[in-house]
Amino acid sequence: MARRVESALLLLLICFNFGNALHLEVLSTRNENKLVPKHTHLVRQKRAWITAPAALREGEDLSKKNPIAKIHSDIAEERGIKITYKYTGKGITEPPFGVFVFNKDNGELNVTSILDREETPFFLLIGYALDEQGNSLEKPLELRIKVLDINDNEPVFTQDVFVGSVEELSAAHTLVMKITATDADEPNTLNSKISYRIVSQEPPYPPVFYLNKDTGEVYTTSITLDREVN
């Protein structure tokens, strides 16, 4: 059932974009990128088609993936004229500069820098096909590039010191305080999931406090607290 739904969605995208002659082709086919496979017969129909968004992993040398995309216009073949290709957007004409370079003659797009998702989580590029006077021959196409997260950030406490208090003779499992930390990796993923634990406490034995590893909440154990002793 899932396979039939996916095929229907691909057909809808192809039909929706009929009418233009500027093609956008994402060349990487790694499974992690979840890209639509490249089909030559789609290009030869002289209609615009757009693949799923490209995805590149941060913190890696991506030069072996180049070119990561390519735009092509059939007008050059139909009219026998020279076309110049151009990309604009983040990483080229907007900061951070120098992340991508393109070949104006064949429309190939290359990545030249190691990406940092925490700095730029995605790039939106616009591709153009221009005549010799610099006029657009086609409707510009969008290329969205998502930067895939890696676990490259350590959790950081929101305070240097957390202070809590509890009355003596308090019942077991009394809430004493809550500690918090943040992680700069992609939210709601395993890379940013935080777990807490107590590494030491005084007096060390028997332990007076325990910690909820998921919430950072500190509670009393069943040991009776006596202020005159500690």
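Everything below is about the structure printed above this text.
Residues numbered from 1 in each chain as written. Predicted model: local features only at pLDDT ≥ 70, side-chain atom pairs only at ≥ 80, totals over all residues. Heavy atoms only, no water.

Points about the nonpolar core
1) Next: Counting residues in each nonpolar core, the largest one holds 22 residues, and the members touching the most others are Ile68, Phe100, Leu109, Leu115, Leu125 and Ile145.
2) Next: Contributions of two or more residues to this core are made by strand 2 (54-57), strand 3 (69-73), strand 4 (84-89), strand 6 (108-111), strand 7 (122-130) and strand 8 (141-148).
3) Next: The residues touching Leu125, leaving out its near neighbours within four places in the chain, are Tyr87, Thr88, Gly89, Lys90, Ile92, Phe100, Leu109, Leu141, Glu142, Leu143 and Ile145.
4) Next: Core analysis: the next-biggest nonpolar cluster, separate from the first, contains eight residues, Met177, Ile179, Leu211 and Val218 among them. (Core = buried A, V, L, I, M, F, W, Y, C linked by side-chain atoms within 4.5 Å. Buried < 20%, exposed > 50% of the residue type's maximum accessible area, 1.4 Å probe, protein only. Helix = DSSP H or I, 4+ residues; strand = E, 2+ residues; numbered from the N terminus. Contact = heavy atoms within 4.5 Å.)

A word on the packing of aromatic side chains
1) Next: Applying the stated criterion across every chain yields a total of four aromatic pairs.
2) Next: Relative to Phe123, the ring of Phe100 lies with its centre 5.0 Å away and its plane at 90°, an arrangement referred to as edge-to-face. Of the two residues, Phe100 sits in strand 5 (residues 100-102) while Phe123 sits in strand 7, which places them 23 residues apart along the sequence. You'll find Phe100 and Phe123 in the same group, each marked buried.
3) Next: Their ring planes at 70° and their centres at 6.0 Å tell us that Phe157 and Phe162 sit as a pair that is edge-to-face.
4) Next: Across the ring face of Phe122, the terminal group of Lys90 is positioned such that the distance to the ring centre comes to 5.9 Å. (Phe/Tyr/Trp six-rings, centres within 6.5 Å; stacked < 30°, edge-to-face > 60°. Lys NZ or Arg CZ within 6 Å of the ring centre and 35° of its normal.)

Remarks on the side chain of Thr88
1) Next: With respect to the helices and strands, the residue Thr88 is situated in strand 4.
2) Next: Leaving out residues up to four positions away in the same chain, Thr88 has contacts with Thr93, Leu124, Leu125, Ile126 and Tyr128.

Some thoughts on the sheet that holds strand 13 (residues 217-220)
Each strand in a sheet pairs with another by means of backbone hydrogen bonds, the pair being arranged parallel or else antiparallel.
1) Next: Strand order in the open sheet formed by three strands is 10-13-12, with antiparallel pairing between adjacent strands. Each end of this open sheet is capped by a strand with a single partner; those strands are strand 10 (175-178) and strand 12 (209-211). Averaged over all adjacent pairs, the angle separating strand axes in this sheet is 25°, with direction ignored.
2) Next: Both strand 12 and strand 13 contribute to a ladder of three bridges, which runs antiparallel. Residue pairing in the sheet places Leu211 in a bridge with Val218 of strand 13. (Pairing = 2+ DSSP bridges. Axes fitted to C-alpha atoms, helices over the stretch in contact; angles between N-to-C directions.)

Considerations on the sheet that holds strand 4
1) Next: With mixed pairing, the four strands of this open sheet are ordered in space as 2-8-7-4. Only two strands of the sheet have a single partner each, and these edge strands are strand 2 and strand 4. Across the sheet, the mean angle from the axis of one strand to that of its neighbour is 30°, orientation sign disregarded.
2) Next: Looking at chain direction, strand 2 and strand 8 are connected through four bridges and run parallel. Across the sheet, residue Arg57 finds its bridge partner in strand 8, namely Leu148.

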